[in-house]
Amino acid sequence: ATVKSVEFVQACASLAGCPKPTLPEIAVIGRSNVGKSSLVNMLTNRKSIAKTSKNPGKTQTINHYKMITGAGSYYLVDLPGYGFANAPEALREKWAEFTREYLLKRETLITVMLLIDSTVKPQRLDLECLDWLGAAGIPVTIVFTKVDKRKKIAAGKRANPQETMEEFCREAMDNWDWDELPPMIYTSSETAEGKREVLNHIASLRQF
Ligand code: GDP
């Protein structure tokens, strides 16, 4: 699953503007500040290929990164973040619609990596997103972020933090018609924990 090279292809502002669907795609989605840019940078081995932006209003495009690996090529697709508390309602709606259209219509999409911040309880928006993806029958991979920070917080506490995160998600998935829970991967962009696991997981999907 070693990544040989990465190429930023383009930023598109509509589904029609996206690159031709010639390669399988792995999309990345999550709330603002979840650590999405950091994760994309980690997976692509770039310090700032995805800007770790402090200005949420800027990320309104779908960004395609071509990942070339020993096992074949695929697009890693960075979708606009959602849930900016201070964004105007109309803007939020637009982002949501744009992203929904991509998720529902992109025929080459293999899975959506839904990023959930492991340092806080999964938020209503996370669970709504999970619920929506489940109802739409879109394959999901849950990627928990910032586990380095979580471990520090959890040190000394008795509960196994991983079990607790899974419980939250399991509850949210109770009413779905799925045979099993989606894969869950724990990552840190600070320590690169989970990086290999994510890349191997993508490779294991074997549609490229
Ligand atoms: P985005 O808005 O989802 O793209 O989030 P960013 O990648 O910009 O990260 C948001 C904030 O979380 C930044 O201050 C990052 O430094 C921090 N962050 C991201 N990933 C990690 C991580 O794995 N561990 C820790 N401790 N902090 C992280």
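The name given to the protein in an unreviewed UniProt entry is GTP-binding protein, ribosome biogenesis, YsxC, with the source organism recorded as Ostreococcus tauri. Entered under Sequence similarities (unreviewed entry) in the UniProt record, the comment concerning the protein runs "Belongs to the TRAFAC class TrmE-Era-EngA-EngB-Septin-like GTPase superfamily. EngB GTPase family." Taken directly from UniProt, the Cofactor (unreviewed entry) text for the protein runs: "Mg(2+)".

Per the secondary structure count, the protein includes six helices and seven strands. In sequence order, the protein lays out its α and β elements as β-β-α-β-β-α-β-α-β-α-α-β-α. Within the span of the protein, comprising 208 residues, buried residues form 32% of the whole. A sequence separation of at least 24 residues applies to 74% of the contacts in the protein between residues at least 6 apart.

Pairing analysis gives eight bridges linking strand 1 (residues 3-12) to strand 3 (residues 62-69), with the strands arranged antiparallel. Looking across to strand 3, one finds that Val6 is bridged to Met67. For strand 3 and strand 4 (residues 72-78), the ladder comprises seven bridges, and the chain directions are antiparallel. Along strand 4, the bridge assignment pairs Tyr65 with Leu76.

Structurally, Asp148 can be placed in helix 4 (residues 147-154). Classification of Asp148 as partly exposed rests on a count of 16 C-beta atoms within 10 Å. For Asp148 and Ser188, which are 40 residues apart along the polypeptide, the C-alpha to C-alpha distance reads 5.9 Å. Setting aside residues up to four positions removed in sequence, Asp148 forms contacts with Ser188, Glu190, Thr191 and Glu193.

Ala27, Val28, Leu76, Val77, Met113, Leu114 and Leu115 are the most contacted members of the largest nonpolar core, which totals 36 residues. Excluding residues within four positions of it along the chain, Leu114 makes contact with Ile29, Gly30, Cys129, Leu130, Leu133, Val140, Ile142 and Val143.

A separate point is the sheet that holds strand 2 (residues 25-30). Here seven strands make up an open sheet; going across it, the order is 1-3-4-2-5-6-7 and the pairing mixed. With partners counted over all chains shown, the strands left at the sheet margins are strand 1 and strand 7 (184-186), one partner each. Sheet twist, expressed as the mean angle between neighbouring strand axes with direction ignored, is 25 degrees. Where helix 1 (residues 36-44) meets the sheet, it contacts strand 1, strand 2, strand 3, strand 4, strand 5 (109-117) and strand 6 (140-145), and its direction lies at approximately 165 degrees from that of strand 4.

Attention shifts here to unusual backbone geometry. The residue Asn33 is not glycine, and still its phi comes out positive at about 80 degrees. Here Asn33 lies in the loop between strand 2 and helix 1. In this structure Asn33 comes out as partly exposed when scored by C-beta crowding, with 16 C-beta atoms within 10 Å. Positive phi, close to 60 degrees, is recorded for Asn45, a residue that is not glycine. Note on placement: Asn45 falls in the loop between helix 1 and strand 3.

Checked against the element boundaries, Ile62 lands in strand 3. For Ile62, a count of 23 C-beta atoms within 10 Å gives the class buried. Other than its neighbours up to four places away in sequence, Ile62 contacts Cys12, Cys18, Val77, Leu79 and Tyr102.

A separate point is helix 3 (residues 124-136). Taking 1.5 Å per residue, 13 residues should reach 18 Å; helix 3 reaches 18 Å between its end C-alpha atoms and fits that length. Within helix 3, the full set of buried residues consists of Asp126, Cys129 and Leu130. End-on, the buried residues of helix 3 take up no more than an arc of 100 degrees, which puts them together on one face. Away from its buried face, by an angle of more than 90 degrees, helix 3 presents the exposed residues Arg124, Ala135 and Ala136. A positive phi of about 70 degrees marks Gly137, the residue just after helix 3.

Parameters at a glance
- Residues numbered from 1 in each chain as written.
- Predicted model: local features only at pLDDT ≥ 70, side-chain atom pairs only at ≥ 80, totals over all residues.
- UniProt positions renumbered as here; feature names shortened; annotations may be inferred.
- Helix = DSSP H or I, 4+ residues; strand = E, 2+ residues; numbered from the N terminus.
- Buried ≥ 20, exposed ≤ 12 C-beta atoms within 10 Å, placed from the backbone.
- Contact = placed C-beta atoms within 7 Å.
- Pairing = 2+ DSSP bridges.
- Core = buried A, V, L, I, M, F, W, Y, C linked by C-beta atoms within 7 Å.
- Axes fitted to C-alpha atoms, helices over the stretch in contact; angles between N-to-C directions.
- Expected span 1.5 Å × (residues − 1).
- Arc of directions from axis to C-beta.

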